[in-house]
Amino acid sequence: MAKKPRIVIIGAGMAGLTAANKLYTHSNNSFDLSVVEGGSRIGGRINTSEFSSEKIEMGATWIHGIGGSPIYKIAEETGSLVSEEPWECMDSTVDKARTFAEGGFEIEPPNDDGGDLGQIYEIATRFYSSVNGLNGSSVGSFLRSGFEAYWASVSKGGNGVEGCGTWSRRSLEEAIFTMFSNTQRTYTSADDLYTLDYAAESEYQMFPGEEITIAKGYLSVIHHLASVLPQGVVELNRRVVKIEWESKEEDPVKLHFSDGSVVFADHVIVTVSLGVLKAGIESDGGLFSPPLPEFKSDAIKRLGYGVVNKLFVEVSQRRFPSLQLVFEKEDSEYRFVKIPWWMRRTATMAPIHSNSKVLLSWFAGKEALELEKLPDEEIIDGVLTTVSCLTGKEEVVKITKVLTSKWGGDPLFRGSYSYVAVGSSGDDLDAMAEPLPQINKKSGQVNGHGQAKVRELQVMFAGEATHRTHYSTTHGAYYSGLREANRLLKHYKCDF
Ligand SMILES: Cc1cc2nc3c(=O)[nH]c(=O)nc-3n(C[C@H](O)[C@H](O)[C@H](O)COP(=O)(O)OP(=O)(O)OC[C@H]3O[C@@H](n4cnc5c(N)ncnc54)[C@H](O)[C@@H]3O)c2cc1C
């Protein structure tokens, strides 16, 4: 009997498990399939957990638009969208947020009337696109020009703000603009919006419809995908340290594991994060042998990959209001020096649902990395100081405990999600998806090998950072897993 093709998927996150699910359910048992996962759990950047007796998401939180989302479809079909227990963001607490400017000044909460402070971000965007065209090179420069254009159009009405202490109208509007920009930093993972490519950002596609969270937890989708796989297909605590490819042996790929063991394969689907790939091509010896071809390593280097972390704090009272935080500039003479720098770019602090004692804040970039290093007491002190300096009240609340995600320092992730950095483009995301060895599209030959017979599809790539229009998301990871599974099913002429 002919040997079954051996397929090894590296990583049991959304992309890896989607690929495994598809390959297993559509191949009539014609592959020798395994998923090797470096960590001790499945799900990767999806990790539903518990804090203060509440279900929380340490990583992926939202289904970004329910219209056409494959994640929504699975969650709906598996009954994961309903739960007896409350869950994170089951109701919108931020809609009723109170907005405080540093120094104890409560300002009008943003609303949808179009002329309000809270609409600066949208107004600036609209204004800039009508005046200058959509040709900013970075999202940061685009928004800044938009804000300046907006300010020029409204500043005639004077510069004072009644009842707001030393805040001028300009400084207050700019600070609100910064607050919205900080929310963009957490959406995109770009520490600095001046490094985020504007044109590529416009290629990113959203699904229409509501954005929702999953009542039974994001992990329920992962468990559903994994549930079809026979016991033993997913191997935990199996960290790959080297991928040898282009071997002349019968099995062209040889995987080396951290415990010294090796596994041979016909095909490997690499689903590790862009951060792990960046570190892998920079490390001594490298993750790949021979090293990746230039087109691939250049794309890995050029694309952006940032850190976003979530901070959960348990407070002593329920019904704590959602706060929008408007800070003075970091060099302002009016700022409260006791507010720690890592709190200053936090946009909101809100209960995870309206009857919860758990508050959530999102952090991006340097602040997110700093948070990973701080002892709990320092975080508690920093949050309390910030809340009292913003609301102007001495003791607003007590904090009993905190929990932070730590995606940046974890060697299995090295960050949170990818973005298209200035200097890269959607083409780099396509390059990420190309299998190796690369086939010359004109000659049909494997690049660099002339007529020599070289095995195709040795090293394949899936994961959120390989999807041109849905990168950074769970559904992007899902589609990428399907794409690579389908590539193999087609190669082996399986019905898919
Ligand atoms: C804080 C945060 C919030 C987010 N919010 C959202 C959101 O609201 N909505 C949304 O759609 N997306 C969100 N995302 C992004 C989403 O979680 C990811 O895009 C998606 O889960 C990535 O899946 P993946 O399979 O590509 O990668 P991963 O989930 O990273 O899976 C790769 C797997 O490979 C394993 N691995 C790594 N190195 C090795 C190795 N050497 N050997 C073996 N195994 C290895 C890892 O342990 C991991 O399990 C968020 C992410 C974070 C961190």
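Throughout what follows, the structure given in this document is the object of discussion. (Residues numbered from 1 in each chain as written. Predicted model: local features only at pLDDT ≥ 70, side-chain atom pairs only at ≥ 80, totals over all residues. Heavy atoms only, no water.)

Here we look at the overall build of the protein
Step number 1: Along the backbone of the protein there are 13 helices and 22 strands.
Step number 2: Residue pairs in contact within the protein that sit at least 24 positions apart in sequence constitute 75% of those at least 6 positions apart.
Step number 3: Accessible surface for the protein amounts to roughly 21900 Å². Of this, 50% is attributable to carbon and sulfur atoms. (Helix = DSSP H or I, 4+ residues; strand = E, 2+ residues; numbered from the N terminus. Contact = heavy atoms within 4.5 Å. Areas by Shrake-Rupley, 256 points an atom, 1.4 Å probe, with all protein chains shown as cover.)

Here's the deal with the layout of surface pockets
Step number 1: One number sums up the size of the second largest pocket: a volume of about 690 Å³.
Step number 2: In terms of lining, the second largest pocket is formed by 31 residues, of which the most central are Arg-144, Glu-174, Thr-178, Lys-329 and Arg-345.
Step number 3: Among the secondary structure elements, those contributing two or more residues to the lining of the second largest pocket are α4 (139–154), α5 (169–188) and β17 (323–326).
Step number 4: Here the lining of the second largest pocket takes 10 residues from α5, the largest share from any one element.
Step number 5: Along the lines of polarity and charge, the residues of the lining of the second largest pocket split into 11 nonpolar, eight polar and 12 charged.
Step number 6: A domain split of the lining of the second largest pocket shows at least three residues from each of domain 2 (48–93 + 306–404) and domain 3 (111–203). (1 Å grid on protein atoms, 1.4 Å probe; cavity = no way out; pocket = protein on both sides within 12 Å on 5 of 7 lines; lining within 4 Å. Points joined across faces, edges and corners; volume = space filled by probe spheres on them. Nonpolar A, V, L, I, M, F, W, Y, C, P; charged D, E, K, R; others polar. Domains from an automatic or database assignment.)

A word on helix α11 (residues 376–391)
Step number 1: With 16 residues, α11 ought to run about 22 Å at 1.5 Å a step, and its terminal C-alpha atoms sit 22 Å apart, in line with that.
Step number 2: Among all positions in α11, only Ile-379, Ile-380, Gly-382, Val-383, Thr-385, Thr-386, Val-387, Ser-388, Cys-389, Leu-390 and Thr-391 are buried. (Expected span 1.5 Å × (residues − 1). Buried < 20%, exposed > 50% of the residue type's maximum accessible area, 1.4 Å probe, protein only.)

A word on empty space enclosed by the protein
Step number 1: In total, this model carries two cavities of 30 Å³ or more according to the counting rule given.
Step number 2: Here the largest cavity is characterised by a volume of approximately 60 Å³.
Step number 3: In terms of lining, the largest cavity is formed by 14 residues, of which the most central are Val-272, Ala-462, Gly-463, Ala-465 and Thr-466.
Step number 4: Its residues placed into classes, the lining of the largest cavity shows eight nonpolar, four polar and two charged.
Step number 5: Here the second largest cavity is characterised by a volume of approximately 40 Å³.
Step number 6: Around the second largest cavity, the lining residues are Thr-48, Lys-55, Glu-57, Trp-87, Glu-88, Thr-213, Ile-214 and Gly-217.

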